[in-house]
Amino acid sequence: MAYIGQSIPRFDVKDKSTGEALYPSDFNLPDQVYMKILFSDRPHAIIKDIDTVEAEAIQGVLAVYTAKDVPVNEYGLIDPDQPVLCGPGSSKPYTDRVRFVGDQVAVVVAETEKIADQARKKIRVTYEDLPVVASIEEALKEDAVLLHPERETNQFCHYQIRKGDVDVAFENCDVIVEGEYHTPVQEHAYLQPEAGIAYIDSQDRITVVVAGQWTHEDQEQIAHSLDVPAEKVRVIYPAIGGAFGGREDMSIQIVLGLAVMRLHERGIDRPIKIIWSREESIIGHHKRHAYQIQAKWGATKDGKILAAEVDVYADGGAYILTSTKVLGNAILQCTGPYEIPNVHVNGNAIYTNNIPGGAFRGFGGPQGAFGAEMQMNKLAEALEMDPVEIRMRNLIEDGSLLSTNTSPPKGVTIKPVMTACAEHAGWQKTESGWQAPAPMQNSGVIKRGRGTACAFKNVGFSYGAPESCHAKIEIHGEGEIERVVLYHSGADVGQGAHSAFKQFAAESLDVSVGKIELVASDTAHTGDSGSSSASRMTFMAGNSIRGAAEKALEKWRSEERPAIAEYTYKPPPTTSLDPVTGECDPNISYGYVAETVELEVDTETGEICLLKVYCADDVGKAINPMQVVGQIEGAIVQAAGYTLTENFIQEDGRLVTDMLSKYMIPSVKDIPLEVESIVLEMAEPIGPFGARGMAEMPYLPLAPAIVQAVHEATGVWFHDFPLTPERVLRGLGKIK
């Protein structure tokens, strides 16, 4: 039976289409009560007092919780620098401060949502406002106010890479291009706002039903803040309405657990439910980081890049979250998938009073790739060289040295990926090199252009982070296999991972996919699989499921009934950045992608229409080709919004675009008229059945490809985006 490589419909598609699938907001339990959260609505202040008397006096209010009620008032994926609730009463210094408008100050539990909301409005908070640090520039001033006074500076992370001698190399360059680029904040805008329900289960565990990306990490953070053993916390993920990285950090998980625990201590065991509005979601969870990138690249007249010098600044917002890991990706991506002998990179992440930056599809890759590919296209222009040709002369291969002065894992395929994209988009390889198709024809005020870019992206955790994935399989039956139970904690955030899990199990056991039963994403029954992030879940889960299946089959053949086996897959180790040189083995695997964009610009209105996007993506092996194409198209639509329409505005630490009527995600009229998905299958040596991770990769090259196409159409380079009509008209000199 062959299930790998087949476009099998997802097993959950009917339930999700008909409304039968239960998302966190759909859960209702007997005798449940409701929660509301009071946000700070201040970008920077000290809370002097919280008066809850009037709120607690409202009939139907069960409790109001503040900082004094949190056993360990801190959390954070990388560094526990964020209070669960801000305000006086904690033993940890400076938790009485709010640092962005979405900081949580108090939690109300009441009989109804309406009562909880009424009580929330009656909480009186006395603030002492502090100066707002609204930008990287302000944060780095010598006299800047410190967001975290226990630290000596607002810069919380610095990485550097030093390879070769850039100063000498620049002296030998025939052409040098410099640029400063700004990439914007982006809101995840997943379909399902944050929601959940919590209760004490039959084994006296604090149980939180919520949407997330890593059950065991959620469990660990809840347990830490509540000061209870991890086994006393149970996390369950039901259906999840999108994530894109936006559910990697805490939102409602800890306060749900806190409220259930505190009520339980009073002898009250009632489920507690919360549903955020879209406005609460927008201020309450992190965003894609805004980046500033200053780049200087040099090349010889024959297009060989000799040196790259790049300074990268990330606006981390109020708390660290995953900023340090995102920055690690960005400093690798900012010199692209190119072999450059001399590299000098500084990466810095900075606290500000903006909404925190965190994980988002691409995880630092889109920001770094934008700087790298802008530089490549400018070098091509300066050298009067075809943009595909200059890339082909510099792209990495097996054995090449990355900026970290180490070779990438075997299976580097960026050259054939670039070739496939170029050929599909009309390029031809001639004796003198690659030649672009004829320029697109203009029509009056409508100017047309074509742009290209490429990128690579890590699969799995990076820079020495522990990496593993657990699976358990039970084979039931007598003479033949009648059913298989697969236990796996990997989160399906809408990408179809659970269907892929079943395909892996069916293929590995040589049974029909209909015999596979999946128990998923419940810390009480499934082992730690790691996060659904970093384009890792298909890669890691496939290897863990295959390993568990092989062990279970051995027991089955030895007549064990049922045959039960567990397996934890651990990939080859990575290493951390050397603090001086940056030398390391950063990643276990990469995915490779190239894109070409054809578009038109209305020079009277400033509107951009994406006519066609060609996307070539090496996925190693397409486990489910239909889902692969869906990921390509989805990534391109999301990246198109990032590049063209989604203008996230914060002013002096306050959010202007606080609802979707002000923040314009792409509509059906904004997406490309056509996407040609070019799915390449060049096996990843250590991937399950040859598969690579791929869901993030198509996102990375789109913005620089669009900007180059706009330049070809108009003659103007844009160094920041989104390319709204106003920004385009200003760049064209039509408005001031």
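See the structure shown above.
Rules of the game
Residues numbered from 1 in each chain as written. Predicted model: local features only at pLDDT ≥ 70, side-chain atom pairs only at ≥ 80, totals over all residues. Heavy atoms only, no water. 1 Å grid on protein atoms, 1.4 Å probe; cavity = no way out; pocket = protein on both sides within 12 Å on 5 of 7 lines; lining within 4 Å. Points joined across faces, edges and corners; volume = space filled by probe spheres on them. Helix = DSSP H or I, 4+ residues; strand = E, 2+ residues; numbered from the N terminus. Nonpolar A, V, L, I, M, F, W, Y, C, P; charged D, E, K, R; others polar. Pairing = 2+ DSSP bridges. Contact = heavy atoms within 4.5 Å. Patch = residues over 30% accessible without salt bridge, like charges linked within 9 Å, V, L, I, M, F, W, Y side chains within 5 Å. Areas by Shrake-Rupley, 256 points an atom, 1.4 Å probe, with all protein chains shown as cover. Salt bridge = Lys/Arg side-chain N within 4 Å of Asp/Glu carboxyl O. Lys, Arg positive; Asp, Glu negative; His and termini not counted. Charge placed at Lys NZ, Arg CZ, Asp CG, Glu CD. Buried < 20%, exposed > 50% of the residue type's maximum accessible area, 1.4 Å probe, protein only. Phe/Tyr/Trp six-rings, centres within 6.5 Å; stacked < 30°, edge-to-face > 60°. Axes fitted to C-alpha atoms, helices over the stretch in contact; angles between N-to-C directions.

(A) Seen up close, the layout of surface pockets. Of the volumes computed, that of the second largest pocket is approximately 670 Å³. As for the second largest pocket, its lining consists of 33 residues, of which T183, P184, V185, A290 and F648 are closest to the centre. Of all the secondary-structure elements, those providing two or more residues to the lining of the second largest pocket are α4 (136–139), β8 (175–183), β13 (290–299), β14 (305–317), β25 (650–651) and α17 (725–731).

(B) Representation of empty space enclosed by the protein within the structure. Tallying each qualifying case throughout the model produces 4 cavities of 30 Å³ or more. In this model, the largest cavity occupies a volume close to 200 Å³. Lining of the largest cavity is provided by 22 residues; of these, Y75, M250, S251, G284 and H285 occupy positions nearest its centre. Across the lining of the largest cavity, the residue classes break down as 9 nonpolar, 9 polar and 4 charged.

(C) Quick peek at the sheet that holds strand β2 (residues 45–51). Pairing in this open sheet of 3 strands is antiparallel, and the strands run β4-β2-β6 from one edge to the other. Edge positions in the sheet fall to β4 (97–98) and β6 (124–129), since each has one partner strand and no second. Sheet analysis places β2 next to β4, joined by 2 bridges and oriented antiparallel. Opposite A45, over in β4, you have V98 as the bridge partner.

(D) A look at the environment of T95. Structurally, the position occupied by T95 is in the loop between β3 (61–65) and β4. Taking C-alpha positions, T95 is 8.3 Å from E74, a pair spaced 21 residues apart along the chain. If near-sequence neighbours (up to four positions away) are discounted, T95 is found in contact with N73, P83, L85, C86, G87 and S90.

(E) Seen up close, a negative patch on the surface. A cluster of acidic residues, E137, E138, E180, E651 and D652, forms a negative patch on the protein surface. Positionally, D652 belongs in the loop between β25 and β26 (654–655). A residue is classified by how much of its surface remains accessible, and D652, at 59% relative accessible area, is exposed.

(F) Here's a closer look at the pairing of strand β12 (residues 272–275). Sheet topology note: the strand β1 (residues 33–39)/β12 ladder contains 2 bridges and is parallel. Note on β12: the bridge partner recorded for Y34 is K273. Both strand β9 (residues 195–200) and β12 contribute to a ladder of 4 bridges, which runs antiparallel. Paired with I197 across the strands is K273, a residue of β12.

(G) The arrangement of the packing of aromatic side chains in detail. A complete count under the given rule lists 14 aromatic pairs for this structure. An angle of 25° between the planes, with centres 5.7 Å apart, marks the rings of W214 and F461 as stacked. Here F461 lies in the loop between β18 (446–459) and β19 (469–477) and W214 lies in the loop between β10 (206–210) and α6 (215–226), a separation of 247 residues in the sequence. For W214, a relative accessible area of 22% translates into the label partly exposed.

(H) Region of the structure containing the pattern of salt bridges. On inspection of all chains with the given rule, the structure shows 39 salt bridges. Across the pair D720 and R727 runs a salt bridge whose closest N-O atoms are separated by 3.6 Å. In the salt-bridge network here, residues are joined through shared partners; they are D117, R120, K121 and E280.

(I) Structural view of the sheet that holds strand β21 (residues 516–520). Spatially, β21-β20-β19-β22 is the arrangement adopted by the 4 strands of the open sheet, whose pairing is mixed. A single partner strand is all that each edge strand has here, and the edge strands are β21 and β22 (563–569). On average, each strand axis in the sheet is tilted by 20° relative to the strand beside it, whichever way the strands run. Sheet topology note: the strand β20 (residues 481–488)/β21 ladder contains 5 bridges and is parallel. If you follow L486 over to β21, its bridge partner there is L518. Lying over the sheet, helix α13 (residues 497–509) contacts β19, β20 and β21, oriented at roughly 135° with respect to β21. Packing against the sheet, helix α14 (residues 537–557) makes contact with β19, β20 and β22, and its axis sits at approximately 145° to β22.

(J) Representation of the environment of A380 in the model. Locating A380 in the fold gives a position in helix α10 (residues 365–383). On the basis of relative accessibility, which here comes to 3%, the residue A380 falls in the buried class. It is 26 Å that separates the C-alpha atoms of A380 and Y313, two residues lying 67 residues apart in sequence. Aside from chain neighbours lying at most four places away, what touches A380 is M385, D386, P387 and I390.

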